[in-house]
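Below are the chains, spelled out letter by letter.
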Amino acid sequence: MHAPVSPVYDDDDDEDEYGGVFLHDSDVIHEVSMDSEDLPDADADADDGSQEEEGDDDDGIYKFTSHYPDEDFVDQYKSIHECSMDTEIEDEKGVCAVACSPTDATLVATGGCDDRGFLWRIGQDDFFEIHDSLAFSYDGQLLASGSLDGIVKVWGVSGNWEGKTLEGPGGDIEWLRWHPRGHILLAGFLDSTVRMWNTDRSSLLNTFTGHSHRVTCGDFTPDGKKICTGSDDATMRIWNPRSGESIYVVKGHSYHDDGLTCLAISSTSTLALTGSKDGSVHIVHIPTGRVVDNGALGSHADSVECVGFAPSDSWAAVGGMDKRLIIWDVEHLLSRGTCEHEDGVTCLSWLGASCVATGGCDGKVRLWDSRSGECVKTFKGQTNVISSLSVSANGNYLVSDSYDGTARAFEVGNFR
């Protein structure tokens, strides 16, 4: 495991306070290449789109069942995504989450809308109960969890199950993200604020204020130098993590007209891809805060629920409740193809350079060849909305979390 990088600062107090993880432009960032193995041919043994309805086979190599979803909440979630998203359900809570450890290929954390979370291993029945919103630190040593009562805890994966409690505002936690190179944790809240802690010291470093509604999505840039957040107030903000200053506020006629639902940042830390309830998709140049797509990405017919850059950053995928996944050539702002689904697309994850996994409202997980737009495999077994996907550290497993109260692991190594 690599320890957090500790650059030399002019102000020693800053280095001590932040743990030496906010880097200057002169610092060298280690780059890791991604596996870009081609997908099998369409006529290989893998299922194609025409075969996906044959039978109700359970394709999961491992099933984990310990969540007990609130049926009323599941119905609300389903209905809110089948309508135009013009109205907000006030008690919408507990979006299920799954996170694979970045260093341990079998270690998985899942959280349910019952406000229960579990840490477990693929292929084993033992588990440890934690809380709901979940995220592993970059080195896999720590797991952050957030519950519906606004409590954020940090757990030592090696066996310190006491869990440190971090100071927060109370109320719903929308998401948790770790700094890419240190034990610095970021969280977005229903009360429109974002908070950042040094988890090694359990100390609050900054509270970011400026959004006027709940902060629905956000993350550090991969170089750790900035923070991007999206809100129900239809704005994206770019922050200085050290000072808490809002550097840019992205809004207006060239941007989204309704609340942001999802956000992805390119590996170069220069582009942010955002989706909205109004079905629009935009690209923001992070160093300048400018919208650079000129409307070329068009609009979905319903809410955009998930976005993601391919490992190379040259392509991106966008999924929406209009049953479409669209693959985009980001460099040339051209559509490469549309992957049609039977129901709304709720989540996605890239598997290498040319394969995209999607989860949908129909409870199925699909693998798509991003070059041809063909469905090369459909995994069945879950019976309700797929809420999130996560890829194991070695890329061999894809784990899905569903509102049917189960998490399932699928073998996908041959498709990367």
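As the structure is a computational prediction, the values presented were derived from the model and not from experiment.

Moving on, we come to the overall build of the protein chain. Secondary structure assignment for the protein chain yields two helices and 32 strands. Here the protein chain, with 416 residues, has 55% of them falling under the buried criterion. Contacts in the protein chain between residues far apart in sequence, at least 24 positions, make up 48% of those at least 6 positions apart. Summing over all exposed atoms, the protein chain offers an accessible surface of approximately 17,200 Å²; the carbon and sulfur share of this is 43%.

The next thing to look at is the environment of I227. Its location among the elements puts I227 in strand β15 (residues 227–231). Taking the C-alpha atoms as reference points, I227 and I238, separated by eleven residues in sequence, lie 5.7 Å from one another. In this structure I227 touches L186, M196, F208, D219, F220, R237, I238, W239 and P241, once residues within four positions along its chain are discounted.

The next point concerns the nonpolar core. Ranked by size, the top nonpolar core spans 15 residues in total, and within it L273, V307, F309 and V318 carry the most contacts. Elements that contribute at least two residues to this core include exactly β18 (260–265), β19 (271–276), β20 (281–285), β22 (304–309), β23 (315–320) and β24 (324–329). Sort the elements by how many residues they give to this core and β22 lands first, with three residues. Aside from chain neighbours lying at most four places away, what touches V307 is C262, L263, A264, L273, G275, A317, V318 and L348. A357, V376, L398 and F415 belong to the second-largest nonpolar core, a separate cluster that totals 14 residues.

Reading across the sheet, the four strands line up as β26-β27-β28-β29 and stay open at both edges, with antiparallel pairing between neighbours. Every interior strand has two partners, whereas the edge strands, β26 (345–351) and β29 (375–379), have only one. The average undirected angle you get between the axes of adjacent strands in this sheet is 20°. Sheet topology places strand β27 (residues 355–360) next to strand β28 (residues 365–369); five bridges connect them, and they run antiparallel.

Next up on the list: the UniProt feature "repeat: WD" (unreviewed entry) in the protein chain. The residues that UniProt annotates with the feature "repeat: WD" (unreviewed entry) are residues 133–155, 166–207, 208–249, 297–331, 338–378 and 379–416. Helix makes up 0% of residues 133–155 and strand makes up 57%, while its end C-alpha atoms are separated by 13 Å. Between the C-alpha atoms that bound residues 297–331 there is a distance of 12 Å. The span itself is 0% helix and 51% strand.

This part is about the side chain of T358. For T358, the location among the structural elements is in strand β27. Side-chain polar atoms of T358 contact the side chain of H341, separated by 2.9 Å.

Following the criterion strictly, the structure yields three aromatic pairs and no others. With a centroid separation of 6.5 Å and 70° between ring planes, the pair formed by F189 and W197 is classed as edge-to-face. Here F189 and W197 have matching classes, each one buried.

So, on to the pairing of strand β17 (residues 246–250). Examined bridge by bridge, strand β16 (residues 236–239) and β17 share four bridges and lie antiparallel to one another. Note on β17: the bridge partner recorded for W239 is S246. Between β16 and β17, which follow one another and run antiparallel, lie six residues, and G244 among them has a positive phi close to 80°.

Applying the stated rule across the entire model yields ten salt bridges. The salt bridge involving E342 is made with K364; its shortest N-O contact spans 3.7 Å. A residue pair is termed long-range when its members are at least 10 positions apart, and E342 in the loop between β25 (334–340) and β26 and K364 in the loop between β27 and β28 qualify at 22 residues. Overall, the relative accessible area of 39% leaves E342 in the partly exposed class.

Okay, the sheet that holds strand β10 (residues 173–178) next. Judged by pairing direction, the sheet is antiparallel, and its four strands sit side by side in the order β10-β11-β12-β13 without closing on themselves. The open sheet has two edge strands, β10 and β13 (203–208), and neither has a second partner. With strand direction ignored, the average angle separating the axes of adjacent strands in the sheet is 20°. As defined by bridge partners, β10 adjoins strand β11 (residues 184–189) across five bridges and the pair is classed as antiparallel. Its bridge partner lying in β11, L176 is registered against A187.

Rules behind the numbers
- Residues numbered from 1 in each chain as written.
- Predicted model: local features only at pLDDT ≥ 70, side-chain atom pairs only at ≥ 80, totals over all residues.
- Heavy atoms only, no water.
- Helix = DSSP H or I, 4+ residues; strand = E, 2+ residues; numbered from the N terminus.
- Buried < 20%, exposed > 50% of the residue type's maximum accessible area, 1.4 Å probe, protein only.
- Contact = heavy atoms within 4.5 Å.
- Areas by Shrake-Rupley, 256 points an atom, 1.4 Å probe, with all protein chains shown as cover.
- Core = buried A, V, L, I, M, F, W, Y, C linked by side-chain atoms within 4.5 Å.
- Pairing = 2+ DSSP bridges.
- Axes fitted to C-alpha atoms, helices over the stretch in contact; angles between N-to-C directions.
- UniProt positions renumbered as here; feature names shortened; annotations may be inferred.
- Polar contact = N/O pair within 3.5 Å; in protein donor to acceptor, adjacent residues only side chain to side chain.
- Phe/Tyr/Trp six-rings, centres within 6.5 Å; stacked < 30°, edge-to-face > 60°.
- Salt bridge = Lys/Arg side-chain N within 4 Å of Asp/Glu carboxyl O.

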